[in-house]
Amino acid sequence: MIFLISFILSIAILLWTISNGNKFSINSVLLNLMVAIGNGGHYALYCSTKLEEAVLANKIIYLIGIFVPLLLFLTIGELCKVKIHPLLTTALFTLQLLIYGCVCSTGHNSLFYKTVEIHFVDGHAYLTKTYGPVHTLYLLTLLLYMMAGIIVTFIARSHKNVVSSRIVDSLIFTYLITVVYYLGERLLHIKTDYMSICLTLAVFVAIVAITRFHRYSISENNELLSRRMNSTGYIIFSKKLCYMNSNSFAAELFPELTEWEIDKKIPGNGARFNTYLRQPFMRFVNDPQNESLSKKTFSIKDKHYRLLFDCMKNHYGRVYGYVIGIEDITNIIDKSE
């Protein structure tokens, strides 16, 4: 019954995460998804009646053991504002996928398990296994991610002006309770695996911390971003200077934007855009380091605006597009006068 409750709770947390107004990262959503699916595997194993069913359920369970420690580490890195290079993240996910491939090959080779047997206690199934070489690698990665997460949280604990100590303490508690249970399970040789319950609790604590982080984050706060979008215009172009998007504020100032075709070059009859923006924009494209361009202002119908130019870059620092910002500074100018 407790496995069914854990499964239902993890599904509820997942649905809440998806439907919540806060902006959760892909790692946070995947973390919830893996725990929910893995908890379903625990319940399926608990209810299994033959070896084939139990082995399949065990393969599902390992989605938690293999991917959740990595995802929890990456999520904690985000909360503690520790940047992890995309190439390292890709390498780590590739390693975990290879290990999970060995898990899925159970019954066909002895890489992960040499032998698997099913047993029953009070009518409920559990497995006894003898382990292969890849299982040792799995344990090493599990301990590695746990240690890395604890180190990151303790380092963040000493930088209280960067991240909330309350959030960090919650994360440290999450890791410690997971590690203590895992070690206790191994040392005491507990037959029934209650790790899913422990991880469901860990994910709940992590999601509470993530929600608090996003709620008070300036860069992630949807309400603040919405207010900013209503007072500043944005026009986005690709690296090849094709028009890609704009918000309603920009469209009100430059009505021709509503008629421009997406992913096409700026039309020759750009109307207001050509009059006010085209020349400074092209100068910025040719010289992105020209800071004087961000001080350029113009006026339309007694309203004063300031231009803000910026490059859009990927994780590797490569430019893939440009953004023009149009900020209303009428009140500032009127007060100075």
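Asker: Help me out: how do you make sense of the overall build of the protein in this one?
Answerer: On a plain count of helices and strands, the protein comes out with eleven helices and eight strands. Here the protein holds 337 residues, and the buried ones make up 44% of them. Restricting to contacts in the protein with at least 6 residues of sequence separation, those with at least 24 account for 56%.

Asker: Even after reading the chapter, I still don't get the pairing of strand β4 (residues 242–246), so can you show me in this structure?
Answerer: The two faces of a sheet get side chains in turn, since along a regular strand they alternate between them. Here strand β3 (residues 232–238) pairs with β4 via three bridges, running antiparallel. Considered in β4, the bridge of F237 is made with Y243. As consecutive antiparallel partners, β3 and β4 are separated by three residues, and within that stretch L241 has a phi angle of approximately 65°, a positive value. Where β4 lies against strand β5 (residues 264–265), two bridges are found, and the strand directions are antiparallel. The partner of C242 across the bridge, within β5, is K265.

Asker: What exactly am I supposed to notice about the sheet that holds β3 here?
Answerer: Taken in spatial order, the six strands make up an open sheet running β5-β4-β3-β8-β7-β6, and their pairing is antiparallel. If you trace the sheet from one side to the other, it starts and ends with β5 and β6 (297–300), each paired once. Contacting β3, β6, β7 (303–313) and β8 (319–328), helix α10 (residues 272–286) runs over the sheet at an angle of about 40° to β7.

Asker: Would you mind going over the packing of aromatic side chains with me for this structure?
Answerer: Each aromatic ring pair is specified by the distance between its two centres and by the angle formed by the two planes. All told, the structure shown has 19 aromatic pairs when counted by the stated rule. Aromatic pair F284 and Y322: ring centres 6.3 Å apart, planes at 85°, arrangement edge-to-face. Taken as a pair, F284 in helix α10 and Y322 in strand β8 lie far apart in primary sequence, 38 residues in all. You can call F284 buried: its relative accessible area is 4%. Exposure remark for Y322: the relative accessible area of 8% places this residue in the buried category. Through a chain of ring-to-ring contacts, three or more aromatic side chains come together here, namely F237, Y243, W260, F273, F281, F284, F309 and Y322.

Asker: Just to check I follow, could you spell out the pairing of β7 for this structure?
Answerer: Two elements, β6 and β7, share four bridges in a ladder whose sense is antiparallel. Bridge pairing in β7 places T297 opposite R306. In this structure, the hairpin formed by β6 and β7 is closed by a connection of two residues, where K301 is found at a positive phi of approximately 55°. For β7 and β8, the ladder comprises nine bridges, and the chain directions are antiparallel. In the sheet register, L307 faces β8, and the bridge partner there is I326. In textbook terms, the turn of a hairpin is the stretch between consecutive antiparallel strands, and for β7 and β8 this stretch comprises five residues, one of which, G317, has a positive phi near 80°.

Asker: Got a minute to help me understand the pattern of salt bridges in this structure?
Answerer: Two side chains bearing opposite charge may form a pair once their charged atoms approach each other closely. Evaluated as defined, the whole model comprises one salt bridge. Across the salt bridge formed by R306 and E327, the nearest N and O atoms sit 2.9 Å from each other. Of this pair, R306 sits in strand β7 while E327 sits in strand β8, and the two are 21 residues apart along the sequence. Classification of R306 as partly exposed rests on a relative accessible area of 29%.

Asker: What should I look at first to understand helix α3 (residues 51–79) in this one?
Answerer: One full turn of an α-helix is made of 3.6 residues, so residues set three or four places apart face in the same direction. If you check α3, its first and last C-alpha atoms are 42 Å apart, about what 29 residues at 1.5 Å a residue would give, namely 42 Å. At F67, α3 shows its maximal bend, which comes to roughly 40°, and the proline P69 appears one to four places after that position. In terms of burial, α3 is a largely internal element, 23 of the 29 residues being buried. Taken from the residues just after α3, K81 is the one with a positive phi, measuring 60°.

Asker: Any chance you could explain the confidence of the model for the protein here in plain terms?
Answerer: Caution applies to low-pLDDT regions: their predicted coordinates should not be interpreted in detail. Per-chain confidence: the protein averages 81 in pLDDT, with 82% of residues scoring 70 or above. Mean pLDDT values for the elements of the protein range from 57 in helix α8 (residues 222–231) up to 94 in helix α4 (residues 86–104).

Asker: Can you walk me through the packing of α3 against α4 in this structure?
Answerer: Angle between the axes and distance between the axes: these two values describe a pair of packed helices. Two numbers describe how α3 lies on α4: the axes approach to 10 Å, and their chain directions differ by 165°. Viewed along their axes, α3 and α4 adopt a mutual orientation that is roughly antiparallel. Viewed along their axes, α3 and α4 form a crossing whose handedness is right-handed. Within the contact between the two elements, α3 uses K59, I60, Y62, L63, I66, F67, L70, L71 and L74 and α4 uses T89, L92, F93, Q96, L97, I99, Y100, V103 and C104.

Asker: Hey, could you run me through a nonpolar patch on the surface in this one?
Answerer: Together, L143, M147, I151 and I155 line one region of the surface with nonpolar side chains, adding up to about 380 Å² of accessible area. Within the fold, L143 resides in helix α5 (residues 133–157).

Asker: Would you explain unusual backbone geometry in this entry?
Answerer: Positive phi, normally seen in glycine, also occurs at L241, with a value near 65°. Checked against the element boundaries, L241 lands in the loop between β3 and β4. Judged by its relative accessible area of 16%, L241 falls in the buried class. Notably, D263 is not glycine yet its phi reads approximately 70°, a positive angle.

Asker: Can you walk me through the environment of C198 in this structure?
Answerer: Among the secondary structure elements, C198 is positioned in helix α7 (residues 195–215). Once residues within four sequence positions are removed from consideration, C198 is found in contact with I177, T178 and Y181.

Conventions used here
- Residues numbered from 1 in each chain as written.
- Predicted model: local features only at pLDDT ≥ 70, side-chain atom pairs only at ≥ 80, totals over all residues.
- Heavy atoms only, no water.
- Helix = DSSP H or I, 4+ residues; strand = E, 2+ residues; numbered from the N terminus.
- Buried < 20%, exposed > 50% of the residue type's maximum accessible area, 1.4 Å probe, protein only.
- Contact = heavy atoms within 4.5 Å.
- Pairing = 2+ DSSP bridges.
- Axes fitted to C-alpha atoms, helices over the stretch in contact; angles between N-to-C directions.
- Phe/Tyr/Trp six-rings, centres within 6.5 Å; stacked < 30°, edge-to-face > 60°.
- Salt bridge = Lys/Arg side-chain N within 4 Å of Asp/Glu carboxyl O.
- Expected span 1.5 Å × (residues − 1).
- Bend = angle between axes of the 7 residues up to and from the residue.
- pLDDT = per-residue confidence, 0-100.
- Parallel < 35°, antiparallel > 145°, perpendicular 65-115°, else oblique.
- Left-handed = near helix turned anticlockwise from the far one by under 90°.
- Patch = residues over 30% accessible without salt bridge, like charges linked within 9 Å, V, L, I, M, F, W, Y side chains within 5 Å.
- Areas by Shrake-Rupley, 256 points an atom, 1.4 Å probe, with all protein chains shown as cover.

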